[in-house]
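A structural walkthrough
Next come the chains, spelled out residue by residue.
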Amino acid sequence: MGYAGAVVSDELSYYQQMIDNITEYEVIRLDDNGIVQSWHAGAERLTQYTAEEIIGRPVSVFYPPEEAASGRVEQDLRIARDTGRCESEGWRVRKDGSQFWASTLLTPIHVHGTVVGYVKVSRDLTERREQQLAALGAEQMLEAITDYEVIRLDRDGYVRSWSPGASRLKQYTEEEVLGHHVSMFYAEEDVRDGLAERELATAAREGRFETEGWRVRKDGSRFWANVTLSPIRDSTGELLGYVKVARDLSERREQEQLVQRQRDEILELSTPVIQVWDKILVLPVIGTLDSLRAARLTDGLLERIARDQAEVVILDISGVPAIDTDVAQHLLKTVEAARLMGTASVLSGVRPETAQAIVHLGIELGTLRSRNSLRDALQLALQIVGGTAAEREPVDV
Amino acid sequence: MSDDIPILRLGPNLMVTLQGNLEDTTVEHIERAVTHEVARTRATGLLIDVSGLSIVDSFVARVIARLVAMVRLLGARSTIVGIQPAVAITLVELGVPMSHVRTALNAEQGMALLREPTGR
């Protein structure tokens, strides 16, 4: 500070006092190479360094290492020297390594037309930046969502906002849908049925509504959508509108249907009913019976009985590895259901282990007739069909 | 079901067809009509065709069992015909006791069953 006289020194000390009282800003002096020359409370508050620690060190210590290495500091100083000022915003680093978002103004100090240093004024804008981010967040988030349609509807179901995800899903542009009723995305029959209005009413009443169903794109093609409707209310509870979130589940639905079809086919193949003689059916049960397969077996058999008007059905269980309570109960239920339809049943292929198991399980055999082999069972069946109707009634085994 | 319960006469046997939804009032009509007709014609057998019933639940099953019991008190036998697959499964799943009820696939089989000598 030796470049001016005593009067100037006095004035400078007043300035220094003033600056010391500024705590919201950092106001410091750098020399022409960017070395820190002065320090004060506001600067310490912002970056945590004490005057002893920082005076004499380059201003680049406040910059993130990668930015300091890129020559950013020198560039800013040059701009300030050449143009009279350099304003910038960016991340700066505190003594402890934490970062804050700062707005910085660099202005050159001229003495006799020569730049002898700079004044650096900085302010912490982290909070403002975070507020900005938070405010931007919702909009940006919405823009970033492309797999979902997220739109706003008014209380009557008219579209009030559109999103990139919605465009991608339904092919409409914003201009084509704003102000139109949400039912424009529904299948024709659902529109006639008033489905959209019903769904909105349910959402308003129950606070949320989720559904799956066919929706229509701009080109008329359909897709299987998962839709969630959430009502938006003001502070008094009055309905403002709805947020609608939709997603294309066509692929998942197709896969599910494919799996279901294959499962049906396997079940169909695994429970064949064979007509071996006039009015005599044989159901060879092969493999393990789970409840789904057992139910399918019963349905298939009874339908065949009704169609063929079969009088006797032979249930051959020689291909069943193990009979547990559930399986045995199910077979007996099938026998009883067949009897109610007027058809007699004969069990065949019972293995010694199976016979022991069924009796040990305490299963009520009722009027079940059983034969050791399919041959014997068929013989009994022919006897029943050929004989009087009385033989169809249970006789002693 | 209308108040007119169709009851056909087939030789010594009668055939009644139950249709649609059975309600308390129609059930009373059926019971009155069937018992009176069995007594009047001195029929020895009754064929109950249930293939036209849209629903058979435990209530309907009880109705049928009651009808069978009434007819037996009048000295005639009954056979149920036309139990559909879904109905058969429902009755079994519900555990409705039907072991005393004789069943047949169709009217022809049912008539054959009724023609057999009594005593079982």
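A few points on the structure. Since we're looking at a predicted model, the values are computed, not measured.

So, a nonpolar patch on the surface
All names here are of chain A. Taken together, the side chains of Ile 274, Val 276, Trp 277 and Leu 382 make up a nonpolar region of the molecular surface, amounting to roughly 340 Å² of accessible area. With 3 residues, the top contributor of residues to the nonpolar patch is strand β9 (residues 274-277). Within the secondary structure layout, Leu 382 lies in helix α15 (residues 374-386). Residue class for Leu 382 comes out partly exposed when judged on its relative accessible area of 31%.

Some remarks on the interface of chain B and chain A
One widely used convention gives an interface's size as the accessible area the parts lose upon coming together. On the side of chain A, 24 residues touch chain B, which itself brings 21 residues to the contact. Considering only the surface of chain B that becomes buried against chain A, Pro85(B), Val92(B) and Leu105(B) emerge as the three largest contributors, covering 32% of it. The tally of links between chain B and chain A comes to 1 salt bridge. The partner of Glu93(B) in a salt bridge is Lys333(A), and the shortest N-O contact between them spans 3.4 Å.

What to know about empty space enclosed by the protein
All names here are of chain A. Considering all chains together, one arrives at 3 cavities of 30 Å³ or more under this definition. Lining the second largest cavity, in full, are Ile 323, Ala 328, Leu 331, Leu 332, Val 335, Leu 347, Ile 358, Ile 363, Leu 365 and Leu 368. Here the element with the most residues in the lining of the second largest cavity is helix α13 (residues 325-341); it accounts for 4 residues. Among the residues forming the lining of the second largest cavity, the class breakdown is 10 nonpolar, no polar and no charged.

Quick notes on the rules
- Residues numbered from 1 in each chain as written.
- Chains lettered and ligands numbered in written order.
- Predicted model: local features only at pLDDT ≥ 70, side-chain atom pairs only at ≥ 80, totals over all residues.
- Heavy atoms only, no water.
- Patch = residues over 30% accessible without salt bridge, like charges linked within 9 Å, V, L, I, M, F, W, Y side chains within 5 Å.
- Areas by Shrake-Rupley, 256 points an atom, 1.4 Å probe, with all protein chains shown as cover.
- Salt bridge = Lys/Arg side-chain N within 4 Å of Asp/Glu carboxyl O.
- Helix = DSSP H or I, 4+ residues; strand = E, 2+ residues; numbered from the N terminus.
- Buried < 20%, exposed > 50% of the residue type's maximum accessible area, 1.4 Å probe, protein only.
- Contact = heavy atoms within 4.5 Å.
- Buried area = accessible area lost by both parts, 1.4 Å probe.
- 1 Å grid on protein atoms, 1.4 Å probe; cavity = no way out; pocket = protein on both sides within 12 Å on 5 of 7 lines; lining within 4 Å.
- Points joined across faces, edges and corners; volume = space filled by probe spheres on them.
- Nonpolar A, V, L, I, M, F, W, Y, C, P; charged D, E, K, R; others polar.

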